[in-house]
Amino acid sequence: MERHLGEAKLLPGKTLENFDFEAVPMISKAQVSALCAGDGWLENGANLILFGPPGGGKSHLGSAIGLTLIEKGWRVLFARTSDLVQKLQVARRELALEAALASLERFDLLILDDITYVTKDQAETSVLFELISARYERRSMLITANQPFGEWGKIFPDPAMTLAAVDRLVHHATIFEMNVESYRRRAALERKQHGAGRPATYATPKNVGVPAPRDNQPET
Ligand code: ADP
Ligand code: MG
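Predicted model only: the values in this text are computed from it and were never measured.

Chemist: Help me understand the sheet that holds strand β1 (residues 47–51), please; the structure alone is not making it clear to me.
Modeler: The strands that make up a sheet pair up through hydrogen bonds in the backbone, lying either parallel or antiparallel. Reading across the sheet, the five strands line up as β2-β3-β4-β1-β5 and stay open at both edges, with parallel pairing between neighbours. Two strands close off the open sheet at either side, each with one partner strand: β2 (76–80) and β5 (173–177). Along the sheet, successive strands turn relative to each other by an average axial angle of 15°, direction set aside. Inspection of the sheet shows β1 paired to strand β4 (residues 140–145) by four bridges, in the parallel sense. If you follow Ile49 over to β4, its bridge partner there is Ile143. Sheet contacts for helix α7 (residues 127–135): β3 (109–113) and β4; angle to β3, the most-contacted strand, approximately 150°.

Next comes the structure, spelled out in structure tokens:
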């Protein structure tokens, strides 16, 4: 298990124990616990897709699910999607894409964090599509996204490929819509209400609720 934990590159300190399910009332802890057994979906290569605005806990929950699955003996890899796409593009240039995809086969679950942060130049090649196709109905993926499917056009080279990718991903998928306010902001506001600490307005930008531009994410 130590080795599986080491290879997984999970986010440190993000567990189900310290995930506050009350903050995301649309998700039942029982459903997450059932998924964390792994049986029934990881054997079938089914997927889990987490949607929601920044700060809503998608990466935390994804990593925590990964951790629980590793504890049960499954093999997991957590990756920022744009980093993984970068690596696969390098592999493709070196005519080693197939080998790179094959090396991901050992993971029962591949967590693709922030899929919509894949940039336009990365979309011009279709390594992400090839990854999705290679795993379809065989190996599972957990995907987090700030934007709904309708905005995924920029992740793939053309609309037909976007459609084909989404079609494969959702064919056997559980989808969580985590439409909650940023947990950090909420926590700050609660501290303010309880009189502790500085008012949140001092610490957060005026236009909170609008995703802060991060890395390659275009403003929406
Ligand atoms: P997202 O990936 O949706 O942008 P994160 O998972 O990065 O959001 O969450 C932002 C921060 O808030 C992290 O430090 C995370 O641990 C914390 N957080 C978010 N939601 C929760 C929650 N429901 N319970 C506990 N901590 C949370
Ligand atoms: Mg995240």
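Chemist: Help me understand the nonpolar core in this model?
Modeler: Soluble globular proteins tend to bury their nonpolar side chains together. Counting 32 residues, the largest nonpolar core has Leu88, Leu128, Leu131, Trp152 and Phe156 as its most contacted members. Those elements that provide at least two residues to this core are β1, β2, α4 (81–93), α5 (97–103), β3, α7, β4 and α8 (159–171). Broken down by element, the residue count for this core peaks at five residues, all from α7. Ignoring anything within four residues of it in the chain, the contact list for Leu131 reads Leu84, Leu88, Leu101, Leu104, Leu110 and Leu112. Formed by 30 residues, the second largest nonpolar core is a distinct cluster that contains Val32, Ala46, Leu67 and Ile70.

Chemist: What should I look at first to understand α4 in this one?
Modeler: An ideal rise of 1.5 Å per residue puts 18 Å on 13 residues; α4 measures up with 18 Å between its terminal C-alpha atoms. Every buried residue belonging to α4 is among Thr81, Ser82, Leu84, Val85, Leu88, Gln89 and Ala91, and all of these are buried. Residues of α4 that are buried make contact with β2, α5, β3, α6 (120–123) and α7. One or two positions beyond α4, positive phi appears at Leu95, with a value near 55°.

Chemist: Sorry if this is basic, but what is going on with empty space enclosed by the protein here?
Modeler: A water-sized probe, rolled over the atoms, reveals where empty space remains. The final tally for this structure, using the stated rule, is one cavity of 30 Å³ or more. Computed from the structure, the largest cavity encloses a volume of approximately 60 Å³. Along the walls of the largest cavity sit Gly45, Asn47, Ile132, Arg135, Tyr136, Glu137, Arg139, Met141, Arg168, Leu169 and His172, which together make up its complete lining. Partitioning the lining of the largest cavity into residue classes produces four nonpolar, three polar and four charged.

Chemist: Sorry, what's going on with the pairing of β1 here?
Modeler: Remark: a regular strand shows side chains that alternate across the two faces of the sheet. The element β1 is largely enclosed, with a buried count of five among its five residues. Going residue by residue along β1, you find Asn47, Ile49 and Phe51 tucked away on one face and Leu48 and Leu50 tucked away on the opposite face as well. In this structure, β1 lies alongside β5, joined through five bridges in parallel fashion. Within the sheet, the bridge partner assigned to Asn47 lies in β5 and is Ala173.

Chemist: Just to check I follow, could you spell out the packing of aromatic side chains for this structure?
Modeler: Working definition: an aromatic ring pair is given by the centre-to-centre distance plus the angle between the planes. Applying the stated criterion to the full structure yields four aromatic pairs. Judged by centre distance (4.9 Å) and plane angle (90°), the ring pair of Phe51 and Phe149 falls under edge-to-face. Of this pair, Phe51 sits in strand β1 while Phe149 sits in the loop between β4 and α8, placing them 98 residues apart in sequence. For the pair Phe51 and Trp152, a centre-to-centre distance of 6.1 Å together with 50° between the ring planes defines the contact as tilted. Pair noted here: Phe51 is in strand β1 and Trp152 is in the loop between β4 and α8, with a separation of 101 residues, a long-range link. For Phe51, a relative accessible area of 6% puts it in the buried group. The class of Trp152 is buried, set by a relative accessible area of 0%. Members of the aromatic cluster, joined through ring pairs, are Phe51, Phe149 and Trp152. The residue whose ring lies beneath Arg168 is Tyr136, and the NZ or CZ to ring-centre distance is 5.9 Å.

Rules used throughout
- Residues numbered from 1 in each chain as written.
- Chains lettered and ligands numbered in written order.
- Predicted model: local features only at pLDDT ≥ 70, side-chain atom pairs only at ≥ 80, totals over all residues.
- Heavy atoms only, no water.
- Pairing = 2+ DSSP bridges.
- Helix = DSSP H or I, 4+ residues; strand = E, 2+ residues; numbered from the N terminus.
- Axes fitted to C-alpha atoms, helices over the stretch in contact; angles between N-to-C directions.
- Contact = heavy atoms within 4.5 Å.
- Core = buried A, V, L, I, M, F, W, Y, C linked by side-chain atoms within 4.5 Å.
- Buried < 20%, exposed > 50% of the residue type's maximum accessible area, 1.4 Å probe, protein only.
- Expected span 1.5 Å × (residues − 1).
- 1 Å grid on protein atoms, 1.4 Å probe; cavity = no way out; pocket = protein on both sides within 12 Å on 5 of 7 lines; lining within 4 Å.
- Points joined across faces, edges and corners; volume = space filled by probe spheres on them.
- Nonpolar A, V, L, I, M, F, W, Y, C, P; charged D, E, K, R; others polar.
- Phe/Tyr/Trp six-rings, centres within 6.5 Å; stacked < 30°, edge-to-face > 60°.
- Lys NZ or Arg CZ within 6 Å of the ring centre and 35° of its normal.

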